[in-house]
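# Fold and contact review
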Protein chains: 2
Amino acid sequence: MEKRILGLDPGLAILGFGAINCTQAATKGQNTAVNMLDFGVIRTSADAEMGQRLCTIFDDLHTLIQELQPDLVAIEKLFFYRMSSTILVAQARGVVMLTLAQHNLPYIEFTPAQIKQALTGYGNADKSEVQDAVARELNLAEIPQPDDAADALAVALTAWFQV
Amino acid sequence: MEKRILGLDPGLAILGFGAINCTQAATKGQNTAVNMLDFGVIRTSADAEMGQRLCTIFDDLHTLIQELQPDLVAIEKLFFYRMSSTILVAQARGVVMLTLAQHNLPYIEFTPAQIKQALTGYGNADKSEVQDAVARELNLAEIPQPDDAADALAVALTAWFQV
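Nothing here was measured: the structure is a model prediction, and the numbers come from that model.

Before going further, it helps to spend a moment on the packing of aromatic side chains. The tally for this structure, following the rule as stated, stands at three aromatic pairs over all chains. On the numbers, 5.5 Å between centres and 40° between planes, the contact of F58(A) with F58(B) is tilted. With one member in each of two chains, F58(A) in helix α1 (residues 50-68) and F58(B) in helix α1 (residues 50-68) form a pair that bridges those chains. We note that F58(A), like F58(B), is buried. Their ring planes at 40° and their centres at 5.2 Å tell us that W160(A) and F161(A) sit as a pair that is tilted.

Rendered as structure tokens:
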């Protein structure tokens with residue numbers, strides 16, 4: 001059985017995405033295989049109006065979902081930065097959650113600590129350790145760029161470990 | 001010249017709206033007239049999933065804009081409450097701003113203090129004074145209910161005073 005998981009690292013300026021394909025063994029406890037399908041980012045310009053930036057996220061994410069046809073979405077939970085940036089990210093995140101609901105896509109959320117724990121075995125791992133684990137798990141010769149795409153693959157892998 | 005202004009008080013559980021029609025005199029400084037077109041709220045259930053609640057806001061707001069055909073939208077600026085509720089409101093607000101952009105609708109934002117100042121003459125007015133002013137300006141026998149609808153009419157009137 002195959003399962004496609006789309007990982008998302010939502011932001012307003014850059015929204016990272018990473019899709020993986022998981023082949024599950026029929027018997028529980030058997031080996032399962034995972035491979036990378038696609039990764040990248042949706043960018044919105046800081047010069048554009050807020051509404052236009054949200055339209056870009058909405059339109060591009062719709063296109064991405066239609067292309068990738070995921071079975072499940074994994075999202076990095078909103079982390080509390082400064083209040084002003086949290087509001088901007090939350091506005092973008094609202095549009096992401098709307099889009100997922102319009103496609104009837106189930107999603108799981110993971111905190112940064114849960115993602116670090118899942119990929120490296122401890123919740124305080126630094127960014128490069130998580131990125132190394134992403135490349136290793138997916139047999140990639142290089143760490144996916146930019147960071148937001150690697151982060152999105154990390155959250156997709158976290159979902160794979162758990163489902 | 002007529003101008004329709006749609007006031008919005010965005011929230012996740014209750015989004016207040018209030019539409020007014022302004023007749024502008026041809027000569028600046030002449031009297032202008034304003035009257036109430038419609039007011040009410042879009043409600044989403046706390047029992048529903050976040051994505052479904054955002055879909056309700058998106059769909060109902062689209063319908064409302066198609067029905068009311070506003071020329072301008074006035075929105076109450078996001079006020080900083082507790083972080084967790086701010087994130088919920090910001091997510092709903094992101095969907096509102098997306099919807100306005102999809103309709104190419106210009107919008108103006110006002111802080112609570114600006115709205116109080118515009119309607120009562122001072123920025124520290126309490127809620128009932130603002131509501132009384134809304135009823136008086138629009139020649140309404142009663143204060144519009146619920147509060148979120150009255151707040152939305154207040155922000156629409158604030159835009160009318162300024163444009």
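The discussion continues.
For the rest of this paragraph, the subject is the packing of helix α4 (residues 127-137) of chain B against helix α5 (residues 147-162) of chain B. All names here are of chain B. Between α4 and α5, the least distance of the axes is 9 Å, while the angle of their chain directions is 65°. Here the hand of the crossing between α4 and α5 comes out left-handed. Residues K127, V130, Q131, V134 and E137 of α4 lie in contact with α5, whose contacting residues are D147, A150, D151, L153, A154, L157, W160 and F161. Here the residues of the contact of α4 with α5 are counted per class, giving eight nonpolar, one polar and four charged.

What follows is about the nonpolar core. The tendency in soluble globular proteins is for nonpolar side chains to be buried side by side. L8(A) and L8(B) are the most contacted members of the largest nonpolar core, which has 52 residues in total. Not counting residues up to four positions away in its chain, the partners in contact with L8(B) are L15(B), G16(B), F17(B), L61(B), V73(B), A74(B), I75(B), E76(B), V96(B), L100(B), A152(B) and V155(B).

With omega at -5°, the peptide bond leading from Q145(A) into P146(A) counts as cis. Looking at the secondary structure, you find P146(A) in the loop between α4 (127-137) and α5 (147-162). Phi is positive for Q69(B), close to 45°, though the residue is something other than glycine. Positive phi outside glycine occurs at N139(B), with the angle close to 55°. Its location among the elements puts N139(B) in the loop between α4 and α5.

Of the residues lining the interface, 22 residues belong to chain A; the matching set on chain B comes to 22 residues. Here chain A packs against chain B, burying approximately 1900 Å² in sum over the two surfaces, 80% of which is carbon and sulfur. Our count for the contact surface shared by chain A and chain B stands at two residue pairs in polar contact (both at pLDDT 80 or more). Elements with a minimum of two residues in the side of chain A that touches chain B: α1 and α2 (83-102) of chain A. In terms of residue count, α2(A) provides more of the side of chain A that touches chain B than any other element does, 12 residues in total. A class-by-class count of the residues in the side of chain A that touches chain B yields 15 nonpolar, six polar and one charged.

Parameters and conventions
Residues numbered from 1 in each chain as written. Chains lettered and ligands numbered in written order. Predicted model: local features only at pLDDT ≥ 70, side-chain atom pairs only at ≥ 80, totals over all residues. Heavy atoms only, no water. Phe/Tyr/Trp six-rings, centres within 6.5 Å; stacked < 30°, edge-to-face > 60°. Helix = DSSP H or I, 4+ residues; strand = E, 2+ residues; numbered from the N terminus. Buried < 20%, exposed > 50% of the residue type's maximum accessible area, 1.4 Å probe, protein only. Axes fitted to C-alpha atoms, helices over the stretch in contact; angles between N-to-C directions. Left-handed = near helix turned anticlockwise from the far one by under 90°. Contact = heavy atoms within 4.5 Å. Nonpolar A, V, L, I, M, F, W, Y, C, P; charged D, E, K, R; others polar. Core = buried A, V, L, I, M, F, W, Y, C linked by side-chain atoms within 4.5 Å. Buried area = accessible area lost by both parts, 1.4 Å probe. Polar contact = N/O pair within 3.5 Å; in protein donor to acceptor, adjacent residues only side chain to side chain.

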